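Residue strings, one per chain:
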Amino acid sequence: MLAVNGGTPVLGPGDIAPWPHITDDDRAAVLAVMDRASPWRWPFEPIQEFEAAWAQAIGLPHTIAVNSGTAALHMAVVAAGVEPGDEVIVPADTFLATASCVLQANAIPVFADTLPDTFTIDPAAAERCVTRRTRAIIAVDLNGLPADYDELAAVARRHNLALIEDAAQSHGATYHDRPAGALADMSGASLNGSKALSALGEGGLFATANEDQYLVARKVMMFGEEIAGRTRDYNARIMGWNYRIDLLAAAFAHSQLGRLPQMTRVRQHNGAALTKALAGIPGLSTPVVPADRTHVYFFYPLLVRPEEFDLDVPVAAFRDAVVAAAVAEGLPISRWQHHPVPAQPLFQDGRGYGRGCPWTCGHAAPARRAYHPGDFPVAEETCQRRLVLGQSLSPFGPPNDLSTMERYAEVLHKILVTERDEFVRLAREIGTGGA
Ligand SMILES: Cc1ncc(COP(=O)(O)O)c(C=O)c1O
């Protein structure tokens, strides 16, 4: 019997290890840095050491550790030369920050639809969005799978645009054997506690191969000041903010970075094993991983397919029934973005900073480009059908292993195969508003 109907849940408390996975090495690293942190002075050596370690891990010379992925992306947008009214192309299905980092530069995000199999930005759709105001494209390695960088780089080259990688979800992934974080002209990665490389609390990483971009990004990171050596002249050259990373967060993330290759292997084995175990379960499609790249399953995305079930309930009822049944079995599966980002009131109402800025700031195209959610059919369909496993709830990282994946698969098998009739009743009830 399904747990939602009073049966015994497949997974009990403690069966899924939480994320991040903290070891004694991490604890020792944080304590050791505490002793090196007094008196306060910037830049702290442990932060510089962390930046050097990220530079080495991804093979780019210039990296800056900051206090969020959003900050790193904003720095990249400014370093790309984006100015008020300029346009930056971003995928319609992503986390808000991919688009709001453009607003932060008083520029205009222009949304492009995504691809139905990998869920990353469609390079052809991105190219159709190019206007004379376009300065950059931000690609997102959604769920932990890199975007189509060869095609995107070709679009960027054809139109003289900067290409920025939003690597918030993809630490450890590769594209043509190159590491995520080094797949475009610049990257912004998140170190938020849930991420594949975690600072436990908040953090981010900016990276570039270009020294000029690096110098601009550094100014944005710290009050617009030039930071030469250890002395400050308190003299803002450009608009800048305080995007400095917390020292203890950097120490934790640096310690985790040492284990990133090992943690990535576990994630990849776990994700591949789950895909294998779910093969043949009707009503769900598992993630596609093209041969030229690797997935790190920050999220393990599933699309619900009631059509395969021969069931006369809408997608939403089927999806919500899977959630209700799986959560009762102890598997924390959930929806992620409910709609493409341009459907959010920020874009629909065009409030921005108030008085319609930046859309009305005078430098932007005279007629505000309306954001029609219907313009992104693939992203909308993905948002309606998608359920995700991952983040801090049911991680794919260590110490969860193949036996944990078997339990995840057991839950979905129980719901959609063994107890199919109960599930169908539940979906019908939800479809008619009865559950
Ligand atoms: C795709 C994507 N971009 C950007 C961000 C922003 O990162 P942060 O939360 O560290 O600011 C996130 C984080 O959730 C994300 O998932």
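Residues numbered from 1 in each chain as written. Predicted model: local features only at pLDDT ≥ 70, side-chain atom pairs only at ≥ 80, totals over all residues.

Draft legend 1. Highlighting the environment of Asp 15. Inspection of the secondary structure assignment puts Asp 15 in the segment before helix H1 (24-36). When the C-alpha atoms of Asp 15 and Glu 406 are compared, they prove to be 12 Å apart, with 391 residues separating the residues in sequence. (Helix = DSSP H or I, 4+ residues; strand = E, 2+ residues; numbered from the N terminus.)

Draft legend 2. Spotlight on the nonpolar core. In this structure, Met 75, Ala 76, Val 77 and Ile 137 are the most contacted members of the largest nonpolar core, which totals 139 residues. A domain-level breakdown of this core finds at least three residues from each of domain 1 (3-20 + 262-337 + 381-431) and domain 2 (24-259). Among residues more than four places away in sequence, those in contact with Val 77 are Val 82, Val 88, Cys 101, Val 102, Ala 105, Ala 107, Ala 136 and Ile 164. (Core = buried A, V, L, I, M, F, W, Y, C linked by C-beta atoms within 7 Å. Buried ≥ 20, exposed ≤ 12 C-beta atoms within 10 Å, placed from the backbone. Domains from an automatic or database assignment. Contact = placed C-beta atoms within 7 Å.)

Draft legend 3. Region of the structure containing the domain arrangement of the chain. Once the domains are mapped, the chain shows domain 1 (3-20 + 262-337 + 381-431) and domain 2 (24-259). Here domain 1 and domain 2 have C-alpha centroids that lie 30 Å from each other. Elements with a minimum of two residues in the side of domain 1 that touches domain 2: helix H9 (260-278), strand S11 (299-304) and helix H12 (377-385). Here the side of domain 1 that touches domain 2 takes four residues from H9, the largest share from any one element. Along the lines of polarity and charge, the residues of the side of domain 1 that touches domain 2 split into 13 nonpolar, eight polar and three charged. (Nonpolar A, V, L, I, M, F, W, Y, C, P; charged D, E, K, R; others polar.)

Draft legend 4. Seen up close, the packing of helix H3 (residues 69-79) against helix H7 (residues 211-221). Closest axis-to-axis distance for the H3/H7 pair is 8 Å, and the angle between their directions is 130°. As far as their axial angle goes, H7 and H3 are oblique. Here H3 runs over H7; the crossing is right-handed. Facing H3, whose interface residues are His 74, Met 75, Ala 76, Val 78 and Ala 79, H7 presents Gln 213, Val 216, Ala 217, Val 220 and Met 221. Classifying every residue of the contact of H3 with H7 gives eight nonpolar, two polar and no charged. (Axes fitted to C-alpha atoms, helices over the stretch in contact; angles between N-to-C directions. Parallel < 35°, antiparallel > 145°, perpendicular 65-115°, else oblique. Left-handed = near helix turned anticlockwise from the far one by under 90°.)

Draft legend 5. Examining the site of the ligand more closely. Every one of the 14 residues lining the ligand counts as a neighbour, but Ser 68, Gly 69, Thr 70, Ala 168 and Ser 190 are closest to it. Contributing elements (two or more residues each) for the shell around the ligand: H3 and helix H4 (97-104). Looking at the shell around the ligand residue by residue, the classes come out as four nonpolar, nine polar and one charged. (Near = placed C-beta within 6 Å.)

Draft legend 6. Geometry of the sheet that holds S11. The sheet built from three strands is open, its strands ordered S10-S11-S12 with antiparallel pairing. Two strands lie at the open edges of the sheet, namely strand S10 (284-285) and strand S12 (386-390), each paired on one side alone. (Pairing = 2+ DSSP bridges.)

Draft legend 7. Here's a closer look at the sheet that holds strand S8 (residues 186-190). The sheet built from seven strands is open, its strands ordered S1-S9-S8-S5-S4-S2-S3 with mixed pairing. The strands lining the two open edges of the sheet, one partner per strand, are strand S1 (62-66) and strand S3 (108-112). Strand after strand, the sheet turns through a mean of 20° between neighbouring axes, direction not considered. Judged from the three bridges that link them, strand S5 (residues 162-166) and S8 form a sheet pairing that is parallel.

Draft legend 8. How the structure looks around helix H14 (residues 420-431). In this model, H14 (twelve residues) spans 16 Å end to end at C-alpha, consistent with the 16 Å of a helix rising 1.5 Å per residue. Taken together, the buried positions of H14 are occupied by Phe 423, Leu 426, Ala 427 and Ile 430. All buried residues of H14 fall inside an arc of 100° around its axis, so they share one side. Contacts from the buried residues of H14 go to helix H10 (315-328) and helix H13 (402-418). Immediately downstream of H14, the backbone of Gly 433 shows phi near 75°, a positive value. (Expected span 1.5 Å × (residues − 1). Arc of directions from axis to C-beta.)

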